[in-house]
Amino acid sequence: METQYPISEEQVRFYEENGYIQLLNVLTPEELEQVRAALDDVMAVQLDRRHDVSADRATYEKIFVQKVNLWQVHPGIRQYVFSPKLAEIARRLARARQVRLWHDHALIKMPGDSKASPWHQDLPYWPMYESGTLSCWMALDDVFEANGCMAFVPGSHRLGRLEPIKLVDPQDIFKLVPAAANQEFKKVFQPMPAGSCTFHNGMTFHYAGPNATDKPRRAIITIYMPDEVHFTGAKHVVTEDLNLRVGDMLAGERFPVLAEKQE
């Protein structure tokens, strides 16, 4: 993979103010084809439950098919997830000394999928004390409202960590906002060509609508943790086999450093 994608100070400030940013044509055509082929290869094989978190969740599959930590099972996905170009973007947006991998996951909305992914934050689902974690949502197909592109509420990351939203029969996240902050929220959709991506803060409200087209909508997400992040003890598929103690730093082979500031 190419190792550089320019990020300006203005873009970093936009991310800090809004809690998300869209970046166009981050992958070269060759990089895009490589990760598409790797994902198609993974989807063709049966994974164990630690990686296929939707395996016994038929209702969730009506929303999306989700595969987690594919970097551990396929060298092509590992090559993509360990991209220094993407990790350095994350490090710069977070103004971090370094970023570690939390996990990757593929999200595929199948043709004719009538379910939306509800408005939610990511951080409430993750067993970590610190905020600041950010996700790269990479479009492997052209995305637009009709097939479930991402949408964000600018500035919503400043509302703090709310309770997690159920993916099935979800609550209305906007009703969880303290009354003093409850206002008319602007919702911004992010159509973009394949090979482009968004980065968003773990507390930014986001959503993806149903896929009303006749083709799958493929995306791969890489989640980065800036600097030191510590374990809360909450249950999560990524940590359930690690025997972590409350307060342990999320580090080691499962959470490798992907980018570090050069002094």
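Definitions and cut-offs
- Residues numbered from 1 in each chain as written.
- Predicted model: local features only at pLDDT ≥ 70, side-chain atom pairs only at ≥ 80, totals over all residues.
- Heavy atoms only, no water.
- Helix = DSSP H or I, 4+ residues; strand = E, 2+ residues; numbered from the N terminus.
- Contact = heavy atoms within 4.5 Å.
- Disulfide = S-S within 2.5 Å.
- Buried < 20%, exposed > 50% of the residue type's maximum accessible area, 1.4 Å probe, protein only.
- Core = buried A, V, L, I, M, F, W, Y, C linked by side-chain atoms within 4.5 Å.
- Phe/Tyr/Trp six-rings, centres within 6.5 Å; stacked < 30°, edge-to-face > 60°.
- Lys NZ or Arg CZ within 6 Å of the ring centre and 35° of its normal.
- Salt bridge = Lys/Arg side-chain N within 4 Å of Asp/Glu carboxyl O.
- pLDDT = per-residue confidence, 0-100.
- Arc of directions from axis to C-beta.
- Polar contact = N/O pair within 3.5 Å; in protein donor to acceptor, adjacent residues only side chain to side chain.
- Pairing = 2+ DSSP bridges.

J.: Just checking my understanding: could you explain the overall build of the protein for this structure?
T.: When you go through the protein residue by residue, the secondary structure sums to five helices and eleven strands. By sequence separation, contacts in the protein at least 24 residues apart represent 83% of the contacts at least 6 residues apart.

J.: Explain unusual backbone geometry here, please?
T.: Apart from glycine, the bulk of residues carry a negative phi angle, and the bulk of peptide bonds sit in the trans form. In this structure, arginine 95 takes a positive phi of about 50 degrees despite not being glycine. If you trace the backbone, arginine 95 turns up in the loop between helix 5 (84–94) and strand 3 (98–109). One non-glycine residue, aspartate 227, lies in positive phi territory at about 55 degrees. Note on placement: aspartate 227 falls in the loop between strand 10 (217–226) and strand 11 (257–260).

J.: How do you make sense of the side chain of aspartate 122 when you look at a structure like this?
T.: Tracing the chain through its elements places aspartate 122 in the loop between strand 4 (117–120) and strand 5 (134–139). Every residue in contact with aspartate 122, bar those within four places of it in the chain, is listed here: Ser135, His200, Gly202 and His206.

J.: Which parts of the structure should I look at to understand the state of the cysteines?
T.: Working definition: the covalent bond between the sulfur atoms of two cysteines is a disulfide. This model, assessed by the stated rule, comprises zero disulfides. Of all cysteine sulfurs in the structure, the one in cysteine 197 sits closest to cysteine 136, which takes part in no disulfide; the separation is 4.0 Å. Of the residues examined, cysteine 136 reaches a relative accessible area of 0% and is grouped as buried.

J.: Just to check I follow, could you spell out the nonpolar core for this structure?
T.: What tends to happen in soluble globular proteins is that the nonpolar side chains get buried as a cluster. In terms of nonpolar packing, the biggest core is built from 39 residues, with Leu23, Tyr80, Leu93, Met138, Phe199 and Tyr224 touching the most fellow members. Met128, Cys149, Phe231 and Val238 belong to the second-largest nonpolar core, a separate cluster that totals 25 residues.

J.: Would you mind showing me how to read the packing of aromatic side chains here?
T.: Any pair of aromatic rings gets described here by the distance separating the centres and the angle formed by the planes. Taken as a whole and judged by the stated rule, the model has twelve aromatic pairs. For the ring pair tryptophan 119 and phenylalanine 174, a centre distance of 5.8 Å and an interplane angle of 65 degrees mean the geometry is edge-to-face. With a gap of 55 residues between them, tryptophan 119 in strand 4 and phenylalanine 174 in the loop between strand 6 (150–152) and strand 7 (188–189) connect regions that are remote in the sequence. Assessed through its relative accessible area of 13%, tryptophan 119 is described here as buried. Directly above the ring of phenylalanine 82 sits arginine 78, whose terminal nitrogen or CZ lies 4.3 Å from the centroid.

J.: Can you walk me through the pattern of salt bridges in this structure?
T.: Oppositely charged side chains can form a pair if their charged atoms are brought close together. Across all of its chains, the model carries 13 salt bridges by this definition. When the shortest N-O distance is used, the salt bridge between arginine 92 and glutamate 88 registers 2.9 Å. Linking arginine 92 with glutamate 88, this pair stays in helix 5, spanning four residues, or about one helical turn. With relative accessibility at 29%, the residue arginine 92 sits in the partly exposed group.

J.: How should I be thinking about the confidence of the model for the protein in this particular structure?
T.: Do not read the fine detail of predicted coordinates wherever pLDDT is low. Here the protein averages 89 in pLDDT, while 89% of its residues score no lower than 70. Confidence over residues 46–51 falls short of pLDDT 50; this stretch has 17 contacts with residues more than four positions distant or in other chains. Of the regions scoring below 50 in pLDDT, residues 53–64 engages in 25 contacts with residues more than four places distant in sequence or in other chains.

J.: Help me understand helix 1 (residues 9–18), please; the structure alone is not making it clear to me.
T.: Given 3.6 residues to a turn, an α-helix orients residues that are three or four positions apart in the same direction. Residues of helix 1 that are buried include every one of Val12, Tyr15 and Asn18, and no others. For helix 1, the angular spread of the buried residues around the axis is 150 degrees, confining them to a single face. The inward-facing, buried residues of helix 1 abut strand 1 (20–23), helix 5, strand 5 and strand 8 (197–201).

J.: Would you take a moment to explain the environment of arginine 161 for this structure?
T.: Tracing the backbone shows arginine 161 in the loop between strand 6 and strand 7. Measuring from C-alpha to C-alpha, the distance between arginine 161 and valine 177 comes to 9.9 Å, with 16 residues separating the pair along the chain. Residues in contact with arginine 161, not counting those within four places in the same chain, are Gln121, Leu123, Pro124, Trp126, Met128, Tyr129, Glu130, Ser131 and Met203. A polar atom in the side chain of arginine 161 sits 3.0 Å from the backbone oxygen of methionine 128. Engagement of the side chain of arginine 161 in a polar contact is seen with the backbone oxygen of tyrosine 129, the distance being 2.8 Å.

J.: Sorry, what's going on with the sheet that holds strand 9 (residues 206–208) here?
T.: Within a sheet, adjacent strands bond to each other through the backbone by hydrogen bonds, running parallel or antiparallel. Read from one edge of the open sheet, four strands run 4-9-6-7, paired in antiparallel fashion. Edge strands, defined here as strands with exactly one partner in the open sheet, are strand 4 and strand 7. Pairing analysis gives two bridges linking strand 4 to strand 9, with the strands arranged antiparallel. Counted as the bridge partner of serine 117 is alanine 208 from strand 9.

J.: What am I meant to see in the pairing of strand 8 here?
T.: On any regular strand, side chains alternate: one points to one face of the sheet, the next to the other face. Within strand 8, five of the five residues are buried, leaving the element largely enclosed by the surrounding structure. Side chains Cys197, Phe199 and Asn201 project from strand 8 onto one buried face, and the interleaved Thr198 and His200 project onto a second face that is buried too. The sheet contact formed by strand 1 and strand 8 spans four bridges and is antiparallel. Looking at strand 8, one finds that leucine 23 is bridged to cysteine 197.

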